[in-house]
Amino acid sequence: MTRLNALRAFVLVLLLAFAGLAAAQANLEINTPAIAALQRSMQERHAQLQPLYASGAVGLTRDGNVALRDANAVPLAQRAQVNALVAAENQDRAALYREIARANGKPEWESDIRATFAQRWIDKAQPGWYYQNASGAWVRK
Amino acid sequence: MVRRIAIAAATFAAAATACTAWLAHAKEISLEVDDIVAPAFSARSVRASLSGPGMRELALRIERLTVGGRDWRKVSLTCADLQTSGSRVSCTRGVLDVGEKIPLSFSYASDRGDLTAELKPAADETWQVSGRLAGARTALAARLVNAKLERFNTLLPPSAPKLTAGRASGTIDLQGSAVKARVQLDGIAFADASGLHAAEKIGGTIEVDAASEGKGWRWSTRLAWRAGELFWQPLFLAAKGQRLALEGTTGDGRSDIRSGSLELPEIGTVDLKASWDHERGVLGETEVRSARLRLGALYEQMLKPLLAQTALSDLRAEGDAAVALTASGDGLKSVNVELRAVSLEDREQRRFALFGANGRIPWRQGEATTGELTLEGAEFLKLPIGAVLIPLRLRGTGLAIGAMRVPILDGALALKDFAAGTTTEGWRWRLSGQVEPISMEKLTHAMGLPTMHGAVSGVIPDVRYGRQTLSMDGALAIKVFDGTVTAHDVQLIEPFGRAPRLHAELDMKGLDLELLTRTFDFGTITGRIDAHVAGLELVDWQPVRLDMRIESSPGTYPRRISQRAVQNISALGGAGAAAAIQRSFLRFFEQFGYARIGLSCRLRNGVCEMDGVEKAPQGYVIVKGGGIPSISVIGYNRSVSWRELVERLKRITQENVKPIVK
Amino acid sequence: MTGTAGWRIAGVTLACVLAGCVTINIYFPAAAAERAADRIIDEVWQLKPDAVKPKTDKPAATP
């Protein structure tokens, strides 16, 4: 019994330690002109991307980008435009991940930040949007 | 073609005799064949039977039919009224089952080779063949009426876009060894899974004439594109009545386009010659030329969709280009471009424009060439640019310009030793030169800035661009406000990105404060200042880090400061100080004397740590008084948000547009 | 003895599962990064129009 209680206490301490570690983490610096500029640019572009997410033409990739998934839903004349939108969005996203890492003085975090974003974009995506699962297959949310 | 059929028939006969068994019953004759194998054709488990009264019911079943690598399972041909009289076999109520049951009728006279066959999959759709099979004198005429093109999907490789709609009508005639086809296409649509190769409502005509000649064929074809749209990543094209005519030969493992012409309405005509080696899969000698391409229509029809979301997405283009290029299996061999009266203009945003570009750009594989471009004028960020002569030197992917003078307002940018090239890491270029004096009045006026006095001039040291970074060795000097501004260690990272990042060190010497304050409507300060900015870092053109120090220049000169300037400096520290002056007797003086002015800012994380010329009780001195009447300005707040500071400065320079001094 | 050893292993594994230590990289502040990502995504996708407004350049009323 005592052994079991000790074990419980140990587990509790371990949990608290991890919880404490998480809580102790300060916020990341994201209020820089570069991040603000990228955020603005992506926000403006979102008005054009939103219907494309909804129609499934564009989906969220597992590596924190967007990709052309099925352009058949887009009128022919606008498909080149969709390509350009996807390219521009990915350029901004890459710059965003790099700038957040840089703003916090840790350029080596870039890929971790990208991975975090990849997950959060997908978590926050609206029902009906497409995203890539861990094996890279498209899934409708 | 005729020869092929003969070979297949011979093989069929051999295979059939080898493994057949005649089974004769009272009411049925049946023939069973295990496999029939021929080049590009095989049939497995073939069973044919004749049954019924008078043996008039034919049934031919093939378990698996393979033609050209495609498979059909359970293909059957049945005929309820097979008639045989002498050498003639005919059937009027046949059915071909290839997954879809298609009514069929045919008749064949084996003595003369006369054949007619008709497939009628739908009331409005007919596939018909009639003529004579007679060796070299074979003459067949095929007629298509609304033939559904989706039927050809099974013949296409799996990776090819799938046809989803489309009809073909027309005739294909085979006379001995000559083929003539006249086919009209309507409503063709196709798409691949990703939608990157797709077309809708395509309509047009195809004409082909071919005749065997020696060991090969001589052919000519004419295509006309009448209706519909095509997206073939990354190109989007709409039908404008484009026409392609080709004439050539095929045989001996190669095809030659002896002459070809592509007519692009509104754009121009492109002539071409080419050859293709089938065995090695390589392009032979190829020549493409156009005497006159109209760039306006070329941009609108073909380039605009490609350039969406770039700086070139909304251009007005004018002028002509003549283009000639030659290529072979190892790539481009030569390119000649000649521009005539070309103008480009950023339509909405007016960021840039080029007017009256003329010249020639020659390029040869493995050879150095020289060309020349002239510009009648240009505009860049609202700055008018005069006539420019650009002497080009080209070699491989490299481009060099020895010297060029770009007139800007009343001065010029004289550039020399420009050299550019591509590497695995993208574009790299370098240049150096100098700025011939440009009046600041004109420059600031053209750029919509407050009028400044003085002139920009200076030496542009070695500027290099590579790995998305622009860097400058040496110092760039600008003469402005009667003093000098030098920039060194300048580095601009990702200048064309969303958030360019600039690093620089700045030194300003002896700037005339009177000119400076007048320009920015800050009141009047007489005197001179020096400024030093170390570790300047701008991101998206906003300062994120700097160590700045401004102080009165050493030397003897009049030092006066107006009441308004004092108020404005005080206002930088907050609203209270300015009001305090207004309430005190100091408001009666227009001007004060001062001994020194100094302010420093150490910007980190959006906060400016400020200091002045010397310490004061609980603060620091920004303006140290001197003379009569004298005034000192003391700052108390050492940490000021940069954003707040900029806002205050903006308010001061904007609100004080109307001068108080009468 | 074997029984207790089994328990101990089970206990540690449980802690790992609950605290997600499989994915936590101690050197990378995953929770903070997630919060930062959420704030940016909310703004880019306008998910909380009232809570998160883009910063304006309006000056403060009083300095």
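As the structure is a computational prediction, the values presented were derived from the model and not from experiment. (Residues numbered from 1 in each chain as written. Chains lettered and ligands numbered in written order. Predicted model: local features only at pLDDT ≥ 70, side-chain atom pairs only at ≥ 80, totals over all residues. Heavy atoms only, no water.)

> Which residues make up the overall build of chain C, and what values do they have?
Counting its regular elements, chain C contains two helices and zero strands. The buried share of chain C, taken over its 63 residues, is 25%. Split by element, the accessible area of chain C, about 4,400 Å² in all, is 63% carbon and sulfur. (Helix = DSSP H or I, 4+ residues; strand = E, 2+ residues; numbered from the N terminus. Buried < 20%, exposed > 50% of the residue type's maximum accessible area, 1.4 Å probe, protein only. Areas by Shrake-Rupley, 256 points an atom, 1.4 Å probe, with all protein chains shown as cover.)

> I'd like a description of the pattern of salt bridges, backed by residues and values.
Residue and element names in this part refer to chain B. Evaluated as defined, the whole model comprises 52 salt bridges over all chains. Arginine 44 is the salt-bridge partner of aspartate 35, the closest N and O atoms lying 3.3 Å from each other. On the basis of relative accessible area, aspartate 35 is assigned to the partly exposed category, the value being 31%. The partly exposed category is assigned to arginine 44, whose relative accessible area is 37%. Through salt bridges that share partners, Arg316, Glu318, Glu345, Arg350 and Glu379 make up one connected network. (Salt bridge = Lys/Arg side-chain N within 4 Å of Asp/Glu carboxyl O.)

> For the state of the cysteines, give the residues involved together with the corresponding values.
This structure, assessed with the given rule, holds two disulfides over all chains. Cys601(B) shares a disulfide with Cys608(B); S-S distance 2.0 Å. (Disulfide = S-S within 2.5 Å.)

> How would you explain the pairing of strand S17 (residues 242-251) of chain B if you had to name every residue and give the values?
All names here are of chain B. Strand direction decides the pairing type here: strand S15 (residues 216-232) and S17, joined by nine bridges, are antiparallel. Directly across from serine 220, in S17, lies its bridge partner glutamate 247. Relative to strand S18 (residues 254-264), S17 runs antiparallel, the two sharing nine bridges. Bridge pairing in S18 links threonine 250 to serine 255. Joining the antiparallel neighbours S17 and S18 is a turn of two residues, in which aspartate 252 adopts a positive phi near 60°. (Pairing = 2+ DSSP bridges.)

> So, the pairing of strand S24 (residues 352-364) of chain B: which residues are in play, and what are the values?
All names here are of chain B. Both strand S23 (residues 331-346) and S24 contribute to a ladder of nine bridges, which runs antiparallel. If you follow serine 334 over to S24, its bridge partner there is arginine 364. As consecutive antiparallel partners, S23 and S24 are separated by five residues, and within that stretch arginine 350 has a phi angle of approximately 50°, a positive value. Across eight bridges, S24 lies against strand S25 (residues 369-380) in antiparallel orientation. Looking across to S25, one finds that glycine 359 is bridged to leucine 373. Here S24 hands over to S25 after four residues, with glycine 366 in that stretch at a positive phi of 65°.

> Requested: an account of unusual backbone geometry, with residues and values cited.
Residue and element names in this part refer to chain B. Here glutamine 233 and proline 234 are connected by a cis peptide whose omega angle stands at 5°. Locating proline 234 in the fold gives a position in the loop between S15 and strand S16 (235-238). A positive phi is found at lysine 74, a non-glycine position, where the angle reads about 50°. Locating lysine 74 in the fold gives a position in strand S5 (residues 70-79). By relative accessible area, lysine 74 is classed as exposed at 56%. We note that lysine 201 has phi near 55°; this positive angle belongs to a residue other than glycine. Within the fold, lysine 201 resides in strand S14 (residues 197-213).

> Got a sec to walk through the nonpolar core? Specific residues and values, please.
Ranked by size, the top nonpolar core spans 97 residues in total, and within it Ile525(B), Ile561(B), Ile569(B), Tyr594(B) and Val623(B) carry the most contacts. For this core, the leading source of residues is strand S40 (residues 591-604) of chain B, giving six residues. Setting aside residues up to four positions removed in sequence, Ile569(B) forms contacts with Phe522(B), Ile525(B), Ile561(B), Ile622(B), Val623(B) and Val633(B). Core analysis: the next-biggest nonpolar cluster, separate from the first, contains 37 residues, Met42(A), Leu85(A), Ile122(A) and Ala125(A) among them. (Core = buried A, V, L, I, M, F, W, Y, C linked by side-chain atoms within 4.5 Å. Contact = heavy atoms within 4.5 Å.)

> Quick one: what's the story with the interface of chain B and chain A, residue by residue and with numbers?
Taken together, the contact pairs 26 residues of chain B with 26 residues of chain A. Here chain B meets chain A over a buried area of about 1,900 Å², counting both sides, of which 55% is carbon and sulfur. The interface formed by chain B and chain A includes three salt bridges. Of the charged contacts in the structure, one is a salt bridge between Arg40(A) and Asp540(B), with a shortest N-O distance of 3.9 Å. (Buried area = accessible area lost by both parts, 1.4 Å probe.)

> I'd like a description of the side chain of Asp320(B), backed by residues and values.
All names here are of chain B. As for its position among the elements, aspartate 320 is in strand S22 (residues 315-328). Here arginine 292 takes part through its side chain, which lies 2.7 Å from a polar atom of the side chain of aspartate 320. In this structure aspartate 320 touches Arg292, Leu293, Arg294, Leu295, Glu338, Leu339, Arg340 and Val342, once residues within four positions along its chain are discounted. (Polar contact = N/O pair within 3.5 Å; in protein donor to acceptor, adjacent residues only side chain to side chain.)

> Describe the confidence of the model for chain C, naming the residues involved and giving the relevant values.
Residue and element names in this part refer to chain C. In this model, chain C carries a mean pLDDT of 57, and residues with pLDDT of at least 70 account for 35%. Counted against residues more than four places away or in other chains, residues 1-26, with its pLDDT under 50, gives 18 contacts. Counting interchain partners and residues more than four positions distant, the pLDDT-below-50 stretch residues 51-63 has 14 contacts. Both scores are given for the predicted complex: the pTM is 0.75, the ipTM 0.79. (pLDDT = per-residue confidence, 0-100.)

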